[in-house]
Amino acid sequence: MNHRLMSVLSTIDPFLQKIIVPFLSQQNFSGWFSAEQINQIMQISNLNKDALCLALLPLAAAYAITPFSHFNVGAIACGISGNLYFGANIECLGGSMQNTLHAEQSAIIHAWLRGEKRIQTLTVSYVPCGYCRQFLNELNSSTDLKLCIFKHPSAMLSDYFPNGFGPHDLNVQHLLFDDIDYQFTPIGWVDHEYQLDDQQRLCFPTFDDPLVTEVIHNSRQSYAPYSQSHSAIVLQTQNNLLFSGRYAENAAFNPSLQPLLVALNLLNFSNTTTSSSYYDQKITCAILAERWDAPLTQWTDTLKILIQLGCHKIYHLIITC
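Residues numbered from 1 in each chain as written. Predicted model: local features only at pLDDT ≥ 70, side-chain atom pairs only at ≥ 80, totals over all residues. Heavy atoms only, no water.

## Structural notes on the sheet that holds strand β7 (residues 146-149)
Strand order in the open sheet formed by six strands is β1-β3-β2-β6-β7-β8, and the pairing between neighbours is mixed. Lying at the two open borders of the sheet, with one neighbouring strand each, are β1 (32-33) and β8 (155-156). Pairing between strand β2 (residues 74-79) and strand β3 (residues 84-88): five bridges, direction antiparallel. Note that in β3 the partner of Gly74 across the bridge is Ala88. (Pairing = 2+ DSSP bridges. Helix = DSSP H or I, 4+ residues; strand = E, 2+ residues; numbered from the N terminus.)

Take a look at the structure:
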């Protein structure tokens with residue numbers, strides 16, 4: 001079992017502990033439960049889904065990375081599939097305050113990257129801030145999204161965000177989590193004249209490289225209805241695992257999520273018994289894909305954070321539709 005989960009297991013009711021430990025101890029547990037697993041847990045524990053999510057919040061919060069605030073927040077998104085997805089706040093060393101992921105965002109994009117189509121309920125440790133309420137208003141389920149908050153009565157998002165500004169105010173019809181498949185293709189690389197050392201220049205991969213295939217797939221599902229600055233990233237770790245992220249834009253702009261944060265969130269939930277966070281998982285290679293004519297770029301922030309994380313093999317791929 002991931003030692004971050006072990007560190008908070010004692011805060012869970014002992015009876016529930018016995019039920020969930022076999023699931024948490026599975027080698028492939030990566031911060032989410034399938035609908036089948038949740039039904040089993042509810043049947044044995046006699047807890048309904050809302051009560052179970054509230055009880056599991058300490059496990060979600062255990063994934064938080066908070067070098068600045070030391071304030072851990074957990075969130076759990078329940079999808080229409082019945083699956084549950086953990087979320088936790090992440091603060092990036094070497095970045096700015098803008099490079100921060102709130103727990104609510106973390107749970108939502110965790111579900112999005114896992115292929116969920118709609119979020120029914122979001123359970124959170126604390127009342128969501130205005131920033132997160134704005135982010136949640138971008139979802140295709142925003143009008144009927146239920147919020148379950150620790151030590152507060154459950155309510156709808158509209159109760160916390162009445163008359164909220166959102167995508168419909170900007171005539172956007174396709175929302176976050178709607179099926180999107182833009183037909184982007186790679187057209188070339190940006191040569192930033194990187195050098196891996198004094199002798200070796202960075203050599204570009206071929207377009208049929210598995211990392212290129214993965215980043216193109218994610219760029220096609222990125223959400224950028226306001227700027228059309230579709231982008232995605234793929235990270236490769238030292239054990240050759242791939243973790244992808246895609247851009248998630250917001251009507252209020254500031255709550256938009258850059259693809260690197262989305263990918264790091266997925267990496268953070270990957271099952272490893274030896275690392276305490278993605279900071280301990282060596283990223284050996286990264287490819288950022290962006291539209292050639294995009295008015296916005298993710299390159300500068302992406303480069304800065306990846307270098308801080310020890311990754312120097314970073315490619316910039318240009319795509320077109």
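## Some thoughts on the environment of Ile233
Relative to the elements of secondary structure, Ile233 occurs in strand β10 (residues 231-237). For Ile233, a relative accessible area of 0% gives the class buried. Along the backbone, Ile233 and Val215 are 18 residues apart, and their C-alpha atoms lie at a distance of 5.5 Å. If we skip the residues at most four places from it in the chain, Ile233 touches Val215, Phe243, Ser244, Gly245, Pro259, Leu260, Ala263, Ile287, Leu288, Thr302 and Leu306. (Buried < 20%, exposed > 50% of the residue type's maximum accessible area, 1.4 Å probe, protein only. Contact = heavy atoms within 4.5 Å.)

## Quick word on the sheet that holds strand β9 (residues 185-189)
Spatial strand order, β9-β13-β12-β10-β11: five strands in an open sheet with mixed pairing. Since the sheet does not close on itself, it has two edges, and those belong to β9 and β11 (242-246), each with one partner. On average, adjacent strands in this sheet sit at an angle of 25° to one another, irrespective of strand direction. Summarising the sheet, β10 and β11 pair through five bridges and their orientation is antiparallel. In the strand pairing of β11, Ile233 is matched with Gly245. Against the sheet, helix α9 (residues 259-268) makes contact with β10, β11 and β12 (283-291), and its axis sits at roughly 140° relative to β11, the strand it touches most. (Axes fitted to C-alpha atoms, helices over the stretch in contact; angles between N-to-C directions.)

## Observations regarding the packing of aromatic side chains
Applying the stated criterion across every chain, the model contains 14 aromatic pairs. Their ring planes at 70° and their centres at 5.9 Å tell us that Phe33 and Phe86 sit as a pair that is edge-to-face. Within this pair, whereas Phe33 is found in strand β1, its partner Phe86 is found in strand β3, the two being separated by 53 residues in sequence. The same class applies to Phe33 as to Phe86, namely buried. An aromatic cluster is defined as three or more aromatic residues linked by ring pairs; in this entry it consists of Phe23, Phe29, Phe33, Tyr63, Phe86 and Phe269. (Phe/Tyr/Trp six-rings, centres within 6.5 Å; stacked < 30°, edge-to-face > 60°.)

## Some remarks on the environment of Tyr63
By the element assignment, Tyr63 lies in the loop between α4 (49-61) and β2. Note on Tyr63: relative accessible area 1%, which makes it buried. Between the C-alpha atoms of Tyr63 and Asp179, which are 116 residues apart in sequence, the distance is 29 Å. Setting aside its immediate chain neighbours within four residues, Tyr63 contacts Asn2, Arg4, Leu5, Phe29, Gly31, Phe86, Ala88, Asn268 and Phe269.

## Section: the side chain of Thr237
Note that Thr237 resides in strand β10. Thr237 gets classed as buried once you look at its relative accessible area, which sits at 2%. Separated by 2.3 Å, the side chains of Thr237 and Asn239 make a polar contact. Non-local contacts of Thr237, meaning those with residues more than four positions away in its chain, are made with Phe243, Leu267, Lys282, Ile283 and Thr284. (Polar contact = N/O pair within 3.5 Å; in protein donor to acceptor, adjacent residues only side chain to side chain.)

## Quick look at the nonpolar core
Note on soluble globular proteins: their nonpolar side chains tend to be buried together. One finds Ile108, Leu122, Leu136, Leu235 and Leu306 to be the most contacted residues of the largest nonpolar core, which totals 58 residues. In this structure Ile108 touches Ala77, Ile119, Leu122, Phe135, Leu136, Leu139 and Phe177, once residues within four positions along its chain are discounted. (Core = buried A, V, L, I, M, F, W, Y, C linked by side-chain atoms within 4.5 Å.)

## Considering helix α5 (residues 103-113)
Residues three or four positions apart in an α-helix share a direction because the helix packs 3.6 residues into each turn. Extensive coverage of α5 is indicated by the burial of eleven of its eleven residues. If you check which residues of α5 are buried, you get Ala103, Glu104, Gln105, Ser106, Ala107, Ile108, Ile109, His110, Ala111, Trp112 and Leu113.

## A closer look at the packing of α5 against α9
The interhelical angle for the contact between α5 and α9, taken along N-to-C directions, is 85°, at an axis separation of 10 Å. If you check the angle between α5 and α9, you find them roughly perpendicular. Here Ser106, Ile109, His110 and Leu113 of α5 come into contact with α9, specifically with Val262, Asn265 and Leu266. Looking at side-chain class alone, the contact of α5 with α9 contains four nonpolar, three polar and no charged residues. (Parallel < 35°, antiparallel > 145°, perpendicular 65-115°, else oblique. Nonpolar A, V, L, I, M, F, W, Y, C, P; charged D, E, K, R; others polar.)

Remember, this is a structural readout, not a statement about activity or role.
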